[in-house]
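# Architecture at a glance
Residues per chain are reported as follows:
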Amino acid sequence: MSKWWRTAVVSLRKTRSYHTIQAIPREITGNRVSVKDRAQGRIPAVVFAQPNPNAAADGPVRSVARKHLLTTERKQIQSILNSIELPYLCSTTFPLQIRAGSGSSTLLESGNVLPIKVHRDPETGKLLNLVFVWADEGTKLKVDVPVVFKGEDVCPGIKKGGLLNKIRPSLKYNCPSEHIPQKIEIDISNLDIGDKVFMRDVTVHPSLELLSKNESLPVCKIVAAKLDSTQ
């Protein structure tokens, strides 16, 4: 791959304009309790912590073994899901505030979180529960970052009748929480038939560590269209 290509692959940073997620503790768990919470317009949620050796001395101290059992407002969560395309939800951090009760002004804990799972009813699609991890500054998190492609409309290989083979829809990185890209954008506007983009060609923030043993694996390729054997 020629050197010019390395300047054509960029990482897109997310904007931090999303509403702060409001949550309250839940002391009791179980299916019946969760059903009752959902009937009251709330979604059960869990927030985990993980080791953070790089945490600032004046930053929050979180027990790794501890998990916060919470409920969140369904309307707020649904609004967030409506504003962010699903592939990018789990690569977007959000502010979270845990308050003593619904409508309470007493703040128990706060910080940034990263969604890692959204559970839905397989039949109805209704939200069942959410799983987050604390994303404090200095924390490193393993994130599957979605890959998007631009320049298909002017790509020489596609103009010649080739097709874009999207080999990997995402790339996994070990990311400092403050540098998690919402998505990685790859410009294919100069690719011809047979050209590939490899993992090693993707330029991201230097603090991101690609979690792949082989950086020579392709992310995408322009392939020749197969001829119809019946013609």
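Going by the structure above, here's the rest.
Notes on the structure in this doc start here. (Residues numbered from 1 in each chain as written. Predicted model: local features only at pLDDT ≥ 70, side-chain atom pairs only at ≥ 80, totals over all residues. Heavy atoms only, no water.)

Another point: the sheet that holds strand β9 (residues 163-166). The strands making up a sheet are joined through hydrogen bonds of the backbone, oriented either antiparallel or parallel. Taken in spatial order, the three strands make up an open sheet running β9-β14-β12, and their pairing is antiparallel. Where the open sheet ends on each side, the last strands, each with one partner, are β9 and β12 (196-198). With direction set aside, neighbouring strand axes in the sheet form an average angle of 10 degrees. Inspection of the sheet shows β9 paired to strand β14 (residues 218-223) by four bridges, in the antiparallel sense. (Pairing = 2+ DSSP bridges. Helix = DSSP H or I, 4+ residues; strand = E, 2+ residues; numbered from the N terminus. Axes fitted to C-alpha atoms, helices over the stretch in contact; angles between N-to-C directions.)

Once that is clear, we can look at the sheet that holds strand β2 (residues 21-25). Taken in spatial order, the six strands of this closed barrel run β2-β4-β3-β7-β6-β5, and their pairing is mixed. Adjacent strand axes in the sheet meet at a mean angle of 45 degrees when their direction is disregarded. The strands that helix α1 (residues 31-39) touches are β3 (42-48), β4 (67-73) and β7 (127-134); relative to β3, the one it contacts most, it runs at about 120 degrees. (Contact = heavy atoms within 4.5 Å.)

Taken together, the buried positions of helix α2 (residues 74-83) are occupied by Q76, I77, I80 and L81. All buried residues of α2 project into a common sector of 135 degrees when viewed along the axis, lining one side. Exposed and oriented more than 90 degrees from the buried face of α2 are K75 and N82. Those residues of α2 that are buried lie in contact with β2, β4, α3 (86-89), β5 (94-99), β6 (107-120) and β7. (Buried < 20%, exposed > 50% of the residue type's maximum accessible area, 1.4 Å probe, protein only. Arc of directions from axis to C-beta.)

Turning next to the packing of aromatic side chains. What the rule picks out here adds up to zero aromatic pairs. Looking at R200, its charged tip hangs above the ring of F198, at a distance of 4.5 Å from the centre. (Phe/Tyr/Trp six-rings, centres within 6.5 Å; stacked < 30°, edge-to-face > 60°. Lys NZ or Arg CZ within 6 Å of the ring centre and 35° of its normal.)

What follows is about the pattern of salt bridges. Counted under the stated rule, the structure contains three salt bridges. Here K160 ties to D192 by a salt bridge, and the two come within 2.8 Å at their closest N and O atoms. Within this pair, whereas K160 is found in the loop between α4 (156-159) and β9, its partner D192 is found in the loop between β11 (183-187) and β12, the two being separated by 32 residues in sequence. Overall, the relative accessible area of 57% leaves K160 in the exposed class. Residue D192 is classed as partly exposed on the basis of its relative accessible area, which comes to 27%. (Salt bridge = Lys/Arg side-chain N within 4 Å of Asp/Glu carboxyl O.)

In this structure, H19 sits in the loop between β1 (9-12) and β2. When its relative accessible area of 60% is taken as the criterion, H19 is described as exposed. When the C-alpha atoms of H19 and I77 are compared, they prove to be 9.8 Å apart, with 58 residues separating the residues in sequence. Excluding residues within four positions of it along the chain, H19 makes contact with Q76 and P95.

This part covers α1. The complete set of buried residues in α1 reads S34, D37 and R38. Looking straight down α1, one finds its buried side chains confined to an arc of 95 degrees; they lie on one side. In α1, the exposed positions angled more than 90 degrees off the buried face are occupied by R32, K36 and A39. Residues of α1 that are buried sit in contact with β3, β4, α2 and β7. Where α1 ends, the next residue or the one after it, G41, has phi of about 85 degrees, a positive value.

This paragraph deals with empty space enclosed by the protein. One pass over the structure, following the stated rule, counts one cavity of 30 Å³ or more. The computed volume of the largest cavity comes to approximately 80 Å³. If you go around the largest cavity, the residues you meet are I21, I77, I80, L81, L89, F94, P115, K117, V118, L130, V131 and F132. Mapped by element, the contributors of at least two residues to the lining of the largest cavity are α2, β6 and β7. Tallied by class, the residues present in the lining of the largest cavity amount to eleven nonpolar, no polar and one charged. (1 Å grid on protein atoms, 1.4 Å probe; cavity = no way out; pocket = protein on both sides within 12 Å on 5 of 7 lines; lining within 4 Å. Points joined across faces, edges and corners; volume = space filled by probe spheres on them. Nonpolar A, V, L, I, M, F, W, Y, C, P; charged D, E, K, R; others polar.)

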